[in-house]
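Structural characterization, general
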Amino acid sequence: MLTLMSLLLFMLVLTNLTLLGSSRLAFCIRTVAVQGVVLGLVPLFGLQPFTLQHGLLSLCAIILKGGIFPWLLLRGLRVARVKREVEPFIGFNVSLSIGFFTLIGSVIFASRLPLTGNNNTLIIALAIFTMLTGLLLLVSRRKALSMVLGYLVLENGIYCLGTAVADHIPMVVEFGVLLDVWVAVFGMGIAMYQINREFDHTDVDRLTELRG
Amino acid sequence: MSFIALILSLALAPLLLSIINRSKAVIAGRRGAPLLQPYFNLTRLLQKGVVYSDVSSGLVQLSPVVNLAVLCCCVVLVPLGPIPAILHFSGDFILLAYLMGMGRFITMLGALDTGSSFEGMGASREAFFAALAEPAFFLTMAGLARITGAQSLNDILQTINSEHWLHATPSLLLIAVAFFLVFLAENARIPIDDPTTHLELTMIHEVMILDHSGPDLAMIEYGVALKIWLLAAIFAALFVPPGTNVLWLPLFLLLMVAIGMLVAMVESSMARLRLIRVPQLLISAGVFAGLALFLEFVQ
């Protein structure tokens with residue numbers, strides 16, 4: 001039966017596949033923002049009964065991932081004057097196919113995990129899928145901004161895994177992770193600006209020249 | 001009853017093509033050709049003589065005939081909305097896919113046989129894109145079979161109902177999108193191919209039939225109309241109420257017209273994709289269909 005929860009998880013899969021297959025960076029940033037909002041809503045409709053802590057965590061995650069990160073990254077995009085990811089190390093078709101097989105692989109993997117308690121294996125599977133997507137984005141793209149996006153997707157996956165087994169992880173850890181990510185994106189934004197000013201591009205494969 | 005459907009399909013197929021052309025004209029602010037124009041074109045072509053290239057063997061003469069024959073066989077397999085198909089058995093969509101594949105194969109052979117380098121280029125493109133569209137087609141069919149629990153094209157399309165749409169909304173939406181992309185690719189429409197252009201460097205289907213003339217060209221054009229009619233019939237059947245109540249037939253035909261207008265809107269609102277981007281579109285269609293199938297297995 002179609003529930004709000006399954007719709008959210010479906011959105012999660014779709015955003016991951018969209019990220020793997022599209023080259024326009026501004027579009028990718030917005031997709032990551034949508035993914036962040038979707039994941040922020042997951043604990044609200046998740047398995048646990050609603051508590052104030054969950055609500056607060058969701059609110060922070062949505063504001064941070066749906067509002068502040070895209071704003072920072074779009075600003076970075078304007079400064080660095082890049083529009084699209086050109087010639088990634090792994091092409092869009094191949095990475096889309098890899099993503100599809102990763103999805104199937106992670107479902108099989110999650111169903112065999114020896115988990116304690118009655119966890120929802122589908123959420124765990126999709127969390128693993130999201131993490132692997134982030135990893136793939138990190139290793140296969142050329143622009144520095146794509147790598148920040150890959151990092152954010154990776155973190156989204158970890159956050160999703162955290163909500164799937166939330167009663168085992170203290171809330172304070174989740175908040176800590178959110179804060180870390182914020183600082184990291186802030187730092188990366190500044191680094192990107194500096195790199196662009198210094199070298200006139202943000203292609204990571206050409207940054208090997210940094211070693212003097 | 002089924003034979004009436006057969007005659008209806010064979011008679012009305014070119015009309016769908018002209019509805020697309022007419023809608024495109026209206027959207028562009030022109031008046032457009034009369035709705036019966038494809039029939040006039042076919043009769044005119046049938047009265048003309050044929051010219052064959054000196055370098056060709058018999059294949060170029062054979063290909064339009066075989067192509068049309070194969071597509072007529074396909075008409076027998078596809079139900080027309082509430083009217084069941086004449087022939088149906090479990091797994092018949094595999095036969096349908098490979099009958100269409102055979103038509104494509106013989107068209108490509110005919111194109112190569114003319115000895116023109118442009119036609120060889122078109123044949124190569126057609127082979128490549130068809131290879132990408134085929135898995136997407138099979139995955140959509142597998143997804144539909146999984147959702148409905150039926151195994152023949154006829155049963156799948158006649159059992160699918162609002163209950164399925166309610167229970168498996170995401171999967172069916174994905175399947176509908178994937179099938180629409182396959183539909184555009186198989187019929188060589190924008191954004192995969194432009195049926196109106198005659199610039200050799202960008203064409204796929206049109207370039208393969210450049211050297212055909214007279215009745216041969218008429219057969220090919222009629223085959224194009226039949227193919228678009230058949231695939232539109234499969235697509236429309238996803239949305240009509242189930243069962244074999246003939247009263248739904250007008251609704252079904254209206255849906256076919258709506259699909260024609262949808263195609264016209266797509267064609268008027270976007271340009272043909274660069275050739276290098278086409279595989280990405282078809283692979284996305286495959287991934288969509290695969291995802292739908294996957295969703296059905298997980299639930």
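Provided above is the structure to which this section pertains.
Residues numbered from 1 in each chain as written. Chains lettered and ligands numbered in written order. Predicted model: local features only at pLDDT ≥ 70, side-chain atom pairs only at ≥ 80, totals over all residues.

**Observations concerning the packing of helix H3 (residues 59-77) of chain B against helix H4 (residues 92-113) of chain B**
All names here are of chain B.
- Two elements in contact, H3 and H4, have axes separated by 8 Å at closest approach and are oriented at 165°. Accordingly, the angle class assigned to the pair H3 and H4 is roughly antiparallel. H4 is crossed by H3, and the crossing has left-handed handedness. Note on element contacts: H4 touches H3 through Asp92, Leu95, Leu96, Leu99, Met100, Met102, Gly103, Ile106, Thr107, Leu109, Gly110 and Asp113, opposite Leu59, Val60, Ser63, Val66, Asn67, Val70, Leu71, Cys73, Cys74 and Leu77.
- Residue composition of the contact of H3 with H4, by class: 15 nonpolar, five polar and two charged. (Axes fitted to C-alpha atoms, helices over the stretch in contact; angles between N-to-C directions. Helix = DSSP H or I, 4+ residues; strand = E, 2+ residues; numbered from the N terminus. Parallel < 35°, antiparallel > 145°, perpendicular 65-115°, else oblique. Left-handed = near helix turned anticlockwise from the far one by under 90°. Contact = placed C-beta atoms within 7 Å. Nonpolar A, V, L, I, M, F, W, Y, C, P; charged D, E, K, R; others polar.)

**With respect to helix H6 (residues 144-164) of chain A**
- With 21 residues, H6 of chain A extends 31 Å from end C-alpha to end C-alpha; this agrees with the ideal 30 Å at 1.5 Å per step.
- The buried fraction of H6 of chain A amounts to 16 of the 21 residues, a majority that puts the element mostly inside the structure. (Expected span 1.5 Å × (residues − 1). Buried ≥ 20, exposed ≤ 12 C-beta atoms within 10 Å, placed from the backbone.)

**Focus on unusual backbone geometry**
- Of note, the amide linkage connecting isoleucine 190 of chain B to proline 191 of chain B takes the cis form, showing an omega dihedral of 5°.
- As for its position among the elements, proline 191 of chain B is in the loop between helix H8 (169-186) and helix H9 (205-208).

**Examining the environment of serine 146 of chain A**
Residues and elements named next belong to chain A.
- The residue serine 146 is located in helix H6 in this model.
- Overall, the presence of 24 C-beta atoms within 10 Å leaves serine 146 in the buried class.
- Excluding residues that lie within four positions of it along the chain, serine 146 makes contacts with Leu25, Glu85, Leu137 and Arg141.

**Let's talk about the interface of chain A and chain B**
- Contacts between the two partners involve 15 residues from chain A, matched on the other side by twelve residues from chain B.
- Counting only elements with at least two residues in the side of chain A that touches chain B, the list comes to helix H1 (4-21) and helix H4 (92-112) of chain A.
- Broken down by element, the side of chain A that touches chain B gets its largest block of residues, eight residues, from H4 of chain A.
- When the residues that make up the side of chain A that touches chain B are grouped by side-chain class, the tally is twelve nonpolar, three polar and no charged.

**A short note on the nonpolar core**
- Counting residues in hydrophobic clusters, the biggest one holds 141 residues, and the most contacted among them are Leu16, Ala136, Ala178, Val182, Ala233, Leu282 and Ala289 of chain B.
- Looking at this core element by element, the count peaks at 17 residues for helix H10 (residues 214-237) of chain B. (Core = buried A, V, L, I, M, F, W, Y, C linked by C-beta atoms within 7 Å.)

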